[in-house]
Amino acid sequence: MAKSKKSWEGRLAGQPDQMTVDFVESLSIDKRFYKYDIVGSIAHAQMLAEQKLITKAELKAIKDGLLEIGQEIAEGRFKFDKKYEDIHMAIEAALISKIGEAGKKLHTGRSRNDQVATDIRLWMRDEIEILQAKITLLQKAFVKLAGKYTEDVMPGYTHLQRAQPIVVASYLLSFVEQLERDFIRLKNCSELLNVSPLGSGAVAGSTLPLDRKSTAKQLGFSGVTRNTIDAVSDRDFCAEFIFDCALIATGLSRLAEDWIIYSTSEFGFVRIDDSFCTSSSMMPQKRNPDTLELIRGKTALVYGSLMAMLTILKGQPTGYNRDLQEDKIHIFAAGDTVGKSLDMARAIVLHTKFNTKRISAGLEEGFLDATALAEYLVGKGVAFREAHGIVGSLVAYCERTNKKLGELGLDEFRKYCRAVEADVYESIGAANVANKYVTEGAAGVKQAKGQIAYWTSELDAR
Ligand code: ARG
């Protein structure tokens, strides 16, 4: 077995300081790339053979060696040594010690700079697919829950003040919409990153006749990057990926905030299943929505990664700089965190119950039907601005007399507006209003049912 030395040991005098070894290594983090690194190397070797830069026999030795190494890593038999800095060097060194001379040809026309850029893209493509699948599962959970509450009315809020009646299903479907945009953003990110940097070398390409299209095709890229300088320094897609994760986390955090509030004794709108709550070490009555609080709290880490990624990029001179090595910890942290939060959110959604009795018991509080009453007056020929004023006065009157709008007599209504007739009672009351919405996309019964049908077929086809 050839004793594996690092190739630059001829250039630098002596051994690196141990502190330097520990400081520059990324192996502990990027070993996660090993499959992608091996797949990328096999494609590169294949291309080298096609271009007659290595022989068929050398290609076979390289391929077999790399596959064996992959097996060893998968089975936990591979000894990772930090002195090889990163997964690229660790695998290459292992290959050389396994197959000797042929192994030394693998890196022909390649740099770790284009290699790492390739690995990240390959990893991210898969990671995006996984996150998209998790998003779809969460969307389905929301649609399923919405299906149980198409006729149940709850208050819709603006400024966290009661605004207009909405059906519970519409509220739940609003999250499906947000998640759909998250899905599309990830799809766009994946399309943009899906070009091959391999063959860009360190920064300027190579004088050897590399066939970049061949490696790109083998690796499932849609094409090759056009400019080698850009290709080795571009991490825009990493920032974009983390931003997409940050927005997913934001949406989940807002869901968490809603349900933390809705599950308080004060609201009592939802019951989070016991399996997702914890208790207190001191207060025996407690049932805390810790999983939701952590979904909200973990959002901070993703924002931190986004800020870190942007900051890594901002000061770099053109070309590859070692700063870029710091990208991985953030793309992994963002993807992992959001993946777990999506799973957790799905489990919670699937088991959450809306306390519809409690919600409807308080539904006539807060004049949710006031806007609908103004619109009723519009239907009777009153100008909206005037109707708005009339209803405002009626609400003030109700507050003084401690009544709901629906409890006013026809004579009381007509004191404020002659246009009011006996049919007014069909247009007020939260439940009536929720059944009367006619706008496309409104938060009413009909529209919610339509949206459920749309999402059911859309998500089933995915
Ligand atoms: N570990 C490095 C990274 O993650 C690989 C590229 C190092 N290239 C170099 N020329 N030092 O970015």
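Residues numbered from 1 in each chain as written. Predicted model: local features only at pLDDT ≥ 70, side-chain atom pairs only at ≥ 80, totals over all residues. Heavy atoms only, no water.

Quick look at the overall build of the protein chain now. The helix and strand inventory of the protein chain stands at 19 helices and six strands. Taking 23 Å as the expected radius of gyration for a compact globule of 462 residues, we find that the protein chain reaches 31 Å, considerably beyond that expectation. Its C-alpha atoms put the protein chain at 100 × 55 × 40 Å along the principal axes. Across the 462 residues that make up the protein chain, the buried fraction comes to 49%. For the protein chain, the share of sequence-separated contacts (at least 6 apart) that also reach a separation of at least 24 residues comes to 75%. Accessible area for the protein chain stands at about 22,900 Å²; split by element, carbon and sulfur atoms hold 54% of it. The averaged location of the 61 negative side-chain charges in the protein chain is 2 Å from the averaged location of its 61 positive side-chain charges. (Helix = DSSP H or I, 4+ residues; strand = E, 2+ residues; numbered from the N terminus. Rg over C-alpha atoms; globule rule 2.2 N^0.38 Å. Buried < 20%, exposed > 50% of the residue type's maximum accessible area, 1.4 Å probe, protein only. Contact = heavy atoms within 4.5 Å. Areas by Shrake-Rupley, 256 points an atom, 1.4 Å probe, with all protein chains shown as cover. Lys, Arg positive; Asp, Glu negative; His and termini not counted. Charge placed at Lys NZ, Arg CZ, Asp CG, Glu CD.)

Sheet topology note: the strand S1 (residues 153-158)/strand S2 (residues 161-167) ladder contains six bridges and is antiparallel. Counterpart to Pro 155 in the pairing with S2 is Pro 165. The hairpin formed by S1 and S2 contains two residues between the paired strands, and His 159 there has a positive phi angle of roughly 55 degrees. (Pairing = 2+ DSSP bridges.)

So, about the packing of aromatic side chains. The relation between two aromatic rings is expressed through the spacing of the ring centres and the mutual angle of the planes. This structure, assessed with the given rule, holds 19 aromatic pairs. Centre to centre, the rings of Trp 123 and Phe 332 are 4.9 Å apart; their planes meet at 75 degrees, and the pair counts as edge-to-face. On the criterion of sequence distance, the pair formed by Trp 123 in helix H6 (residues 112-147) and Phe 332 in helix H12 (residues 327-351) is long-range, its members being 209 residues apart. Overall, the relative accessible area of 4% leaves Trp 123 in the buried class. Classification of Phe 332 as buried rests on a relative accessible area of 5%. The interplanar angle of 50 degrees and the centroid separation of 6.0 Å between the aromatic rings of Tyr 157 and Phe 267 together place this pair among those described as tilted. Note that Tyr 157 is positioned in strand S1 and Phe 267 in the loop between helix H10 (236-262) and strand S5 (270-271), a separation of 110 residues in sequence. Judged by its relative accessible area of 22%, Tyr 157 is partly exposed. Aromatic rings pair up to connect Phe 142, Tyr 149, Tyr 157, Tyr 171, Phe 175, Trp 259, Tyr 262, Phe 267, Phe 269 and Phe 354 into one cluster. When the ring centre of Phe 332 is taken as origin, the NZ or CZ atom of Arg 32, which lies over that ring, is 4.2 Å away. In this structure, Arg 125 packs its charged tip against the face of Phe 221, placed 5.0 Å from the ring centre. (Phe/Tyr/Trp six-rings, centres within 6.5 Å; stacked < 30°, edge-to-face > 60°. Lys NZ or Arg CZ within 6 Å of the ring centre and 35° of its normal.)

Turning to the pattern of salt bridges, a few remarks are in order. In the structure shown here, the tally under the stated rule is 26 salt bridges. Residue Asp 274 pairs with Arg 271 through a salt bridge whose shortest N-O separation is 3.6 Å. By relative accessible area, Arg 271 is classed as partly exposed at 47%. In this structure, the salt-bridge partner of Asp 274 is Arg 287, at a minimum N-O distance of 2.7 Å. Highlighted residues: Asp 274 in the loop between S5 and helix H11 (290-314) and Arg 287 in the loop between S5 and H11, separated in sequence by 13 residues. Salt bridges here are not isolated pairs; linked through shared partners, they connect Glu 85, Asp 86, Arg 112 and Arg 322. (Salt bridge = Lys/Arg side-chain N within 4 Å of Asp/Glu carboxyl O.)

We now examine the site of the ligand. Around the ligand, the neighbouring residues are Ser 26, Asp 86, His 88, Arg 112, Asn 113, Val 116, Tyr 320, Arg 322, Gln 325 and Lys 328. Here the ligand has 350 Å² of accessible area as a free molecule, and 86% of this is covered by the chains. The biggest single contributor to the shell around the ligand is H6, with three residues. Counted by class, the shell around the ligand contains two nonpolar, four polar and four charged residues. (Near = heavy atom within 4 Å. Nonpolar A, V, L, I, M, F, W, Y, C, P; charged D, E, K, R; others polar.)

Our next topic: the state of the cysteines. Counting across every chain of the model gives zero disulfides. Counting only cysteine sulfurs, Cys 238 is the nearest neighbor of Cys 189, a cysteine outside any disulfide, at a range of 8.4 Å. (Disulfide = S-S within 2.5 Å.)

Take the packing of H10 against H11 next. Between two packed helices, both the angle of their axes relative to each other and the distance between the axes serve to describe the pair. Where H10 meets H11, the closest approach of the two axes is 8 Å, and the angle between their N-to-C directions is 160 degrees. Viewed along their axes, H10 and H11 adopt a mutual orientation that is roughly antiparallel. For the crossing formed where H10 meets H11, the hand is left-handed. Split into classes, the residues belonging to the contact of H10 with H11 amount to 19 nonpolar, four polar and three charged. (Axes fitted to C-alpha atoms, helices over the stretch in contact; angles between N-to-C directions. Parallel < 35°, antiparallel > 145°, perpendicular 65-115°, else oblique. Left-handed = near helix turned anticlockwise from the far one by under 90°.)

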